[in-house]
Structure formats: C-alpha cells, structure tokens
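A look at the structure
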Amino acid sequence: QVQLVESGGGLVQAGESLRLSCAASGRTFSSYTMAWFRQAPGKEREFVAGIRLSGGRTYYADSVKGRFTISRDNAKNTMYLQMNSLKPEDTAVYYCAASSYYYTEYPRNYGNWGQGTQVTVSS
C-alpha cells in the first residue's frame, strides 16, 4: 500500500498563495497517476490537478488552470500543489491521492488517499 500525508493547508486571504505538500511512502510501484482533490462542505469531492508519475504530464480542472501548479520532487518522493491567486471558492479540504490509472479525474478510481488538509480563503 501507498501511504500519503498532506501538509501546508491554512488560513489565507483572497489573492494570496499557499503550497500544499504530499509525502508518499511504502509501495509506490503500482501508482501511475497522483492527483489533488478537494471537497467543500455539502459538495462532492472534485478533481483539482493530476500528474503522471512517469513523464510528468499534468492535468488541471478548468477552475484552477493558470492559478495552480502541480509538481513532483522525485528525490523527496513528494508531490506539491502551488496555489496562487486564491479565491474564497477555493476553500475546501484538499486530499492527495494515487491511482493505477494512467489518467482519471474520478475519486472512485483512486485507491490511496491522504488524510486531507484544510484550506480556507477569506474574502
């Protein structure tokens, strides 16, 4: 199994930036894609950004394209989500996840999840 631990969430004002980290450990060989999801109160979990572990191809939800950047530090086995120009609607619990699919935006296709980290953006 793959163990994932998120960190970096917090309280920020609109327009500010935040960087989330996801440290991976354990059996990572079965993972093909890693991604960030978020879930706001009363809403379903939604895809934010994904990255192919082989090749580094990235994918973004339209709502964050141009503002968020997903990346990976292979030496540290850590994935990041750089969030710039944050908006109140970005407020949610952000989750790191790993999947055996080459690309997917559906939560049900991710078998490994972190505990989540809260991101709150005030107006």
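Figured I'd write up the structure that's included with this text.

Thresholds, definitions, all that
- Residues numbered from 1 in each chain as written.
- Predicted model: local features only at pLDDT ≥ 70, side-chain atom pairs only at ≥ 80, totals over all residues.
- Heavy atoms only, no water.
- Pairing = 2+ DSSP bridges.
- Helix = DSSP H or I, 4+ residues; strand = E, 2+ residues; numbered from the N terminus.
- Axes fitted to C-alpha atoms, helices over the stretch in contact; angles between N-to-C directions.
- Buried < 20%, exposed > 50% of the residue type's maximum accessible area, 1.4 Å probe, protein only.
- Polar contact = N/O pair within 3.5 Å; in protein donor to acceptor, adjacent residues only side chain to side chain.
- Contact = heavy atoms within 4.5 Å.
- Disulfide = S-S within 2.5 Å.
- Phe/Tyr/Trp six-rings, centres within 6.5 Å; stacked < 30°, edge-to-face > 60°.
- Lys NZ or Arg CZ within 6 Å of the ring centre and 35° of its normal.

1. Topic: the sheet that holds strand β8 (residues 78–83)
Picture the strands of a sheet paired through backbone hydrogen bonds; they go either parallel or antiparallel. Spatially, 4 strands are ordered β1-β3-β8-β7 in an open sheet, and the strand pairing comes out antiparallel. The sheet is open, and its two borders are formed by β1 (2–7) and β7 (68–73), each paired with just one other strand. Strand-to-strand twist across the sheet, computed as the mean angle between neighbouring axes with direction ignored, equals 20 degrees. Note that strand β3 (residues 18–26) and β8 share 6 bridges and pair antiparallel. Bridge pairing in β8 places L18 opposite M83.

2. Here's the deal with the side chain of T78
If you trace the backbone, T78 turns up in strand β8. A residue is classified by how much of its surface remains accessible, and T78, at 9% relative accessible area, is buried. At 2.9 Å, the side chain of T78 and the backbone oxygen of K76 are in polar contact. Leaving out residues up to four positions away in the same chain, T78 has contacts with S21, C22, A23, S71, R72 and D73.

3. Some remarks on the state of the cysteines
Every disulfide links exactly two cysteines, by a covalent bond between their sulfur atoms. Counted by the stated rule, this structure contains 1 disulfide. Paired through a disulfide, C22 and C96 show a sulfur-sulfur distance of 1.9 Å. On the sign convention where negative is left-handed, the bridge of C22 and C96, at about -70 degrees about the S-S bond, is left-handed. Of this pair, C22 sits in strand β3 while C96 sits in strand β9 (residues 92–99), and the two are 74 residues apart along the sequence. Taking relative accessible area as the criterion, C22 reaches 0% and is therefore assigned buried. Classification of C96 by relative accessible area gives buried; the value is 0%.

4. Topic: the environment of T91
Relative to the helices and strands, T91 is located in the loop between β8 and β9. The class for T91 is partly exposed, based on a relative accessible area of 22%. C-alpha of T91 to C-alpha of T120: the two residues are 29 residues apart in sequence and 4.6 Å apart in space. Sequence-distant contacts of T91, defined by excluding residues within four places in its chain, comprise A40, Q118, V119, T120 and V121. Reaching out from T91, the side chain makes a polar contact with the backbone nitrogen of V121 at a distance of 2.9 Å.

5. Brief notes about the packing of aromatic side chains
In total, this model carries 7 aromatic pairs according to the counting rule given. Between F37 and W113, the aromatic rings sit 5.1 Å apart at their centres with planes inclined by 55 degrees, giving tilted as the arrangement. Here F37 is found in strand β4 (residues 33–39), whereas its partner W113 is found in strand β10 (residues 112–113), with 76 residues between them in sequence. Residue W113 is classed as partly exposed on the basis of its relative accessible area of 26%. Aromatic side chains Y59 and Y103 sit 4.1 Å apart centroid to centroid with 35 degrees between the ring planes, which places their arrangement in the tilted category. Of this pair, Y59 sits in strand β6 (residues 58–60) while Y103 is found in the loop between β9 and β10, placing the two residues 44 residues apart along the sequence. A network of ring pairs unites the aromatic residues F37, F47, Y59, Y95, Y103, Y110 and W113 as a single cluster. Across the ring face of W113, the terminal group of R45 is positioned such that the distance to the ring centre comes to 4.8 Å. The side chain of R108 reaches across the aromatic face of Y106, ending 5.7 Å from its centre.

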